[in-house]
Number of protein chains: 2
Amino acid sequence: MTAAPLFQRVALIGFGLIGGSIARAARAQGLAGEIVATAHSAKTRARVAELGIADRVVETNAEAADGADLVILSIPVGVCGAVAQEIASHLKPGAIISDVGSVKGAVVRDMAPHLPAGVHFVPAHPVAGTEHSGPDSGFAELFINRWCILTPPEGTDPAAVDRLRAFWTAIGARVETMTPEHHDLVLAITSHLPHLIAYTIVGTAEELGDVTSSEVMKFSAGGFRDFTRIAASDPTMWRDVFLTNKDAVLEMLGTFNEDLSKLTRAMRRGDGEALFEHFTRTRAIRRGIVEIGQNSAAPDFGRLQTSATKKNS
Amino acid sequence: MTAAPLFQRVALIGFGLIGGSIARAARAQGLAGEIVATAHSAKTRARVAELGIADRVVETNAEAADGADLVILSIPVGVCGAVAQEIASHLKPGAIISDVGSVKGAVVRDMAPHLPAGVHFVPAHPVAGTEHSGPDSGFAELFINRWCILTPPEGTDPAAVDRLRAFWTAIGARVETMTPEHHDLVLAITSHLPHLIAYTIVGTAEELGDVTSSEVMKFSAGGFRDFTRIAASDPTMWRDVFLTNKDAVLEMLGTFNEDLSKLTRAMRRGDGEALFEHFTRTRAIRRGIVEIGQNSAAPDFGRLQTSATKKNS
Ligand SMILES: NC(=O)c1ccc[n+]([C@@H]2O[C@H](COP(=O)([O-])OP(=O)(O)OC[C@H]3O[C@@H](n4cnc5c(N)ncnc54)[C@H](OP(=O)(O)O)[C@@H]3O)[C@@H](O)[C@H]2O)c1
Ligand SMILES: NC(=O)c1ccc[n+]([C@@H]2O[C@H](COP(=O)([O-])OP(=O)(O)OC[C@H]3O[C@@H](n4cnc5c(N)ncnc54)[C@H](OP(=O)(O)O)[C@@H]3O)[C@@H](O)[C@H]2O)c1
């Protein structure tokens, strides 16, 4: 890359699927003069150093934040507040601080009080992922053609929002802005409730008396398999999501339960017409998703100019 | 193929995803001396003739069954009884008659009374599919490394069961035998309940006030997308499944609802430990599915000896 990097120094705190993918993509696009990375455990830090994707791997979050122009927390939602507190006094004036958490209301509530005046807080959530985690699971193409939602608090400097938008755009994402509250409602239905349901049904299948686990696995190709992929996602991440976005998830769950009762009643009554009508209606949503190109989990190669680091779909 | 075909004449009644895939696979493997096909509408029959996968396309189910050594109904579960009645007097003594329905108890109940003595009734269910349907949606590799469950009524000639097993094995499937009742329980949890849940949640997402359908589609990559694929399956097929396997589905649904209440309670109470424990347990099932190679929807090329007709994953 010959263009000047977007940020002189980028600090990545947390180096799992998301942090690791940001690192690979930012490096591939030459977006950072220097990438400084850290993670919680010595083991992950050692692995990151070994992978050679960051320019420097440091021991503490404070050290990583020191002098960085952009700091991104890619860590479980539940620890964002504590980490913000840890790094607050090390943030450089004018720096942008962001995160990638799947819940935004709680992250803003937990982080904002610790952040000093003079830094720009622009929370973000890239709506992209796989069921894998850890430093080896990331890949540069994860964000291509996926949405990244920014939820800047009112009064945030628009120039800072624009710079972060440029960063996400450069690594392939499409960027949208909304309030944290609206984000949490949208994600409750498009991500959190589906995960809760998938975790439930996979648990149900595991404890049946009449049908063995081995049968469940063997004959999973009829639909169940897709739920197990979702229910294999990281337990820490998802515990934090459900603890911090409880209200929105409970609201969606209420509507879901009503709808399930309706379908159950139709089945019980043998009302084939009601079933047929419902099953026809839901096809339209799928068609819409296919039309806007959000139907495949496969990373979208061919848009970024550099070669793939790792394919992981 | 130089080996003698397994069956002199194979009749395929119904030529959608499943019938069309059987035709392509049987032809690729040279399993039939002649493939005779039919479907409900003149339009589909014309398309099948155009595709050139069957040796003969006929107008009526009776004509198709005439003189066939193996007759397979690949039609919605709800019409199997009527079609059995239609073709009964045309079945050749010693012929094997089978189906591919996703429910087995009801199919046996509806078909068996019409079938004459001297033919062998061996119901089957290949646990493989996609969300597509129609004569163009089939492909020869659909059944490779997938299970096909046979549910022969007590007293069925073991030689007939073996011949059908050989047929399914030759087109790539692994074959297992069980009672129709057990089949219906197993499939209720591994396929029918997942579909009911997916149809429900996609319906829920479509009618929310706070979140628009366009937002649901845009941000579907966080999990919802996978449910929409399932909820795009054929409405006729699924209406029939829920009407004919009601009892087993309701039984599984009861357990599911209890489990969902438990998880909901843990979330409401902020019981992170209970959530974490549950989310860790469900990962094991996924690991099991990956280990036995049932984790991917992609057709498993490279096992059949002939070339792919169409890839459709
Ligand atoms: N996975 C997805 O599909 C997805 C999608 C969109 C957004 N997100 C969000 O992205 C965030 C990270 O998810 P992920 O999938 O990348 O998780 P992950 O693969 O489990 O990685 C988490 C990383 O955070 C580090 N970490 C944990 N606590 C820390 C602390 N106190 N200080 C510094 N580092 C710490 C971990 O270090 P160790 O390895 O040393 O423990 C690890 O490197 C979550 O907030 C999640 O909500 C996830
Ligand atoms: N799709 C799956 O994932 C899957 C998996 C395993 C088993 N199954 C089972 O396979 C069966 C067929 O499913 P499919 O996905 O192949 O369906 P499909 O693509 O919709 O095809 C159904 C076929 O049945 C024909 N048909 C309907 N009524 C008929 C009648 N009275 N006489 C003759 N032909 C008739 C249709 O003809 P027209 O085109 O002219 O209407 C069409 O060719 C169902 O019983 C289903 O339970 C499906």
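Quantities reported herein were computed from a predicted structural model and do not represent experimental measurements.

Novice: What am I meant to see in the pairing of strand β5 (residues 96-99) of chain A here?
Specialist: Residues and elements named next belong to chain A. Residue alternation in β5 divides its side chains into two sets, Ile96 and Ser98 and Ile97 and Asp99, and both sets are buried. Sheet topology note: the strand β4 (residues 70-73)/β5 ladder contains four bridges and is parallel. When the sheet's bridge partners are listed, isoleucine 72 is paired in β5 with serine 98. A crossover links β4 with its parallel partner β5, the connecting element being helix α4 (residues 80-87), and its sense is right-handed. Taken together, the two bridges between β5 and strand β6 (residues 120-121) define a ladder with parallel strand orientation. What sits directly across from isoleucine 96, in β6, is histidine 120.

Novice: Got a minute to help me understand the confidence of the model for chain A in this structure?
Specialist: When pLDDT is low, close inspection of the predicted coordinates is not appropriate. Summing up the model confidence of chain A, the mean pLDDT is 92 and the portion of residues at 70 or higher is 94%. Of the regions scoring below 50 in pLDDT, residues 301-313 of chain A engages in 33 contacts with residues more than four places distant in sequence or in other chains.

Novice: Is there a simple way to think about the interface of chain B and chain A in this case?
Specialist: Put simply, an interface is often sized by how much accessible area is lost when its parts join up. Listed by partner, the interface residues are 93 residues for chain B and 93 residues for chain A. A combined buried area of about 9,000 Å² lies between chain B and chain A, and 70% of that area is made up of carbon and sulfur atoms. Linking chain B with chain A are eight salt bridges, by the criterion used here. The salt bridge partner of glutamate 131 of chain A is arginine 286 of chain B, with a shortest N-O separation of 4.0 Å. Summed over the shared surface of chain B and chain A, the result is 29 residue pairs in polar contact (both at pLDDT 80 or more). Sorting the residues of the side of chain B that touches chain A by element identifies β8 (147-150), α7 (180-206), α8 (213-218), α9 (224-230), α10 (235-244), α11 (246-269) and α12 (272-291) of chain B as the ones contributing at least two each. Per-element accounting of the side of chain B that touches chain A gives the leading share, 20 residues, to α7 of chain B. Split by residue class, the side of chain B that touches chain A holds 46 nonpolar, 26 polar and 21 charged.

About the criteria used
- Residues numbered from 1 in each chain as written.
- Chains lettered and ligands numbered in written order.
- Predicted model: local features only at pLDDT ≥ 70, side-chain atom pairs only at ≥ 80, totals over all residues.
- Heavy atoms only, no water.
- Buried < 20%, exposed > 50% of the residue type's maximum accessible area, 1.4 Å probe, protein only.
- Helix = DSSP H or I, 4+ residues; strand = E, 2+ residues; numbered from the N terminus.
- Pairing = 2+ DSSP bridges.
- Right-handed = clockwise from strand over helix to strand, strands pointing away.
- pLDDT = per-residue confidence, 0-100.
- Contact = heavy atoms within 4.5 Å.
- Buried area = accessible area lost by both parts, 1.4 Å probe.
- Salt bridge = Lys/Arg side-chain N within 4 Å of Asp/Glu carboxyl O.
- Polar contact = N/O pair within 3.5 Å; in protein donor to acceptor, adjacent residues only side chain to side chain.
- Nonpolar A, V, L, I, M, F, W, Y, C, P; charged D, E, K, R; others polar.

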